[in-house]
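In case you want the letters, here they are:
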Amino acid sequence: MEVAIVTVGDEVLAGDTVNTNANWLAGELAARGALVARILTVPDDRAVIADAVREYADAFDAVLCTGGIGGTPDDVTVEAVADALDRALVVDPAQRERVAARAAAFRDANQDLVERYDFEMDLDAAATLPEGARAITTDESWSPGCVVENVYVLPGIPAEMRAMFATIADAFAGDATSTVVYTWTPEGALLDVIDAVRERFDVRVGSYPRGDETPGRVKVTGTEPDAVGDAAALVRERVEVADAPDAASDGDD
């Protein structure tokens, strides 16, 4: 299963916000056996988002979009996904009722805040989805995410995104598996090894540099366990193998 991740947000492109969502999602997908084929960050621009989603929805098994849903002026991801898939935008009555109930509860609990800022939520905007989409809701999020065809739209706030992904995680089960070979061989000396693996096996292979006191890594990933195992064995034959470091000192992929 090949998945593309599209992160939406001017704040990410400006460096004001670290893109932890894409990193976290990539790890979760890999743990479930899915292959992340693309990670792309785009601005809060409806046309740009739509172009990316349209391309990736055609090319891959699924697209995960994070960010740009809600009721603020720059929240245009849902609209862009509708454009990408040639869907009309419609107000989901059940979601409008759900958001209205949450808004009423918020007003009751925050009267001073509501009066001070003249708070009034656009319920129709918050409950608008592409026609035919399935809403995704959690207690953490006001506005719903959604699934439409093979595109999944999630919030940008990390806690909300993670909670919503948990409700759809089973959709991303795949056959990919990985093996890591730890090595003291310098990364610059691994070219022939990596080329040999790529020539002989239908796998992904990547290297990660060693530190002063920690070994480097060669990571082999594929959908055929035997091929992954044989490729990893070839790597072990041709490098200076090291013991796996403690988890606390091991770097991120």
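What you are looking at is a predicted structure, and each value in this text was computed from that prediction instead of being measured.

Draft legend 1. View of the sheet that holds strand β6 (residues 134–136). The strand order β2-β1-β3-β8-β7-β6 describes an open sheet built from six strands, whose pairing is mixed. The strands lining the two open edges of the sheet, one partner per strand, are β2 (35–42) and β6. Taken over all neighbouring pairs, the strand axes of this sheet differ in orientation by 20° on average, direction set aside. Of the strand pairs in this sheet, β6 and strand β7 (residues 145–148) are connected by three bridges, and their pairing is antiparallel. Its bridge partner lying in β7, Ala135 is registered against Cys146. Across the face of the sheet, helix α4 (residues 77–84) comes into contact with β1 (2–8), β3 (62–66), β7 and β8 (151–154) while running at roughly 170° to β8.

Draft legend 2. A look at unusual backbone geometry. Even without being a glycine, Asp86 presents a positive backbone phi close to 55°. Mapped onto the secondary structure, Asp86 falls in the loop between α4 and β4 (89–91). Phi angles above zero are rare outside glycine, and Glu149 is one such case at about 55°. Along the polypeptide, Glu149 turns up in the loop between β7 and β8.

Draft legend 3. Representation of the packing of aromatic side chains in the model. Under the counting rule described, the total for this entry stands at five aromatic pairs. An angle of 55° between the planes, with centres 4.9 Å apart, marks the rings of Tyr152 and Phe172 as tilted. Of this pair, Tyr152 sits in strand β8 while Phe172 sits in the loop between α8 (158–168) and β9 (177–183), and the two are 20 residues apart along the sequence. Considering the side-chain rings of Phe165 and Phe172, the 5.8 Å spacing of their centres and the 25° angle between planes classify their relative orientation as stacked. Clustering of aromatic rings is evident, with ring pairs tying together Trp24, Tyr152, Phe165 and Phe172. Its guanidinium or amino end placed over the ring of Tyr208, Arg217 lies 4.6 Å from that ring's centre, counting from NZ or CZ.

Draft legend 4. How the structure looks around the sheet that holds strand β10 (residues 204–208). Taken together, three strands build an open sheet; the order of strands is β9-β11-β10 and the sheet is antiparallel. Every interior strand has two partners, whereas the edge strands, β9 and β10, have only one. Strand-to-strand twist of the sheet, defined as the mean angle between neighbouring strand axes without regard to direction, takes the value 15°. Taken together, the five bridges between β10 and strand β11 (residues 216–222) define a ladder with antiparallel strand orientation. By the bridge assignment for β11, Val205 is matched with Val220. Seen against the sheet, helix α10 (residues 225–238) touches β9 and β11 and runs at an angle of roughly 5° to β9.

The rules behind each value
- Residues numbered from 1 in each chain as written.
- Predicted model: local features only at pLDDT ≥ 70, side-chain atom pairs only at ≥ 80, totals over all residues.
- Heavy atoms only, no water.
- Pairing = 2+ DSSP bridges.
- Helix = DSSP H or I, 4+ residues; strand = E, 2+ residues; numbered from the N terminus.
- Axes fitted to C-alpha atoms, helices over the stretch in contact; angles between N-to-C directions.
- Contact = heavy atoms within 4.5 Å.
- Phe/Tyr/Trp six-rings, centres within 6.5 Å; stacked < 30°, edge-to-face > 60°.
- Lys NZ or Arg CZ within 6 Å of the ring centre and 35° of its normal.

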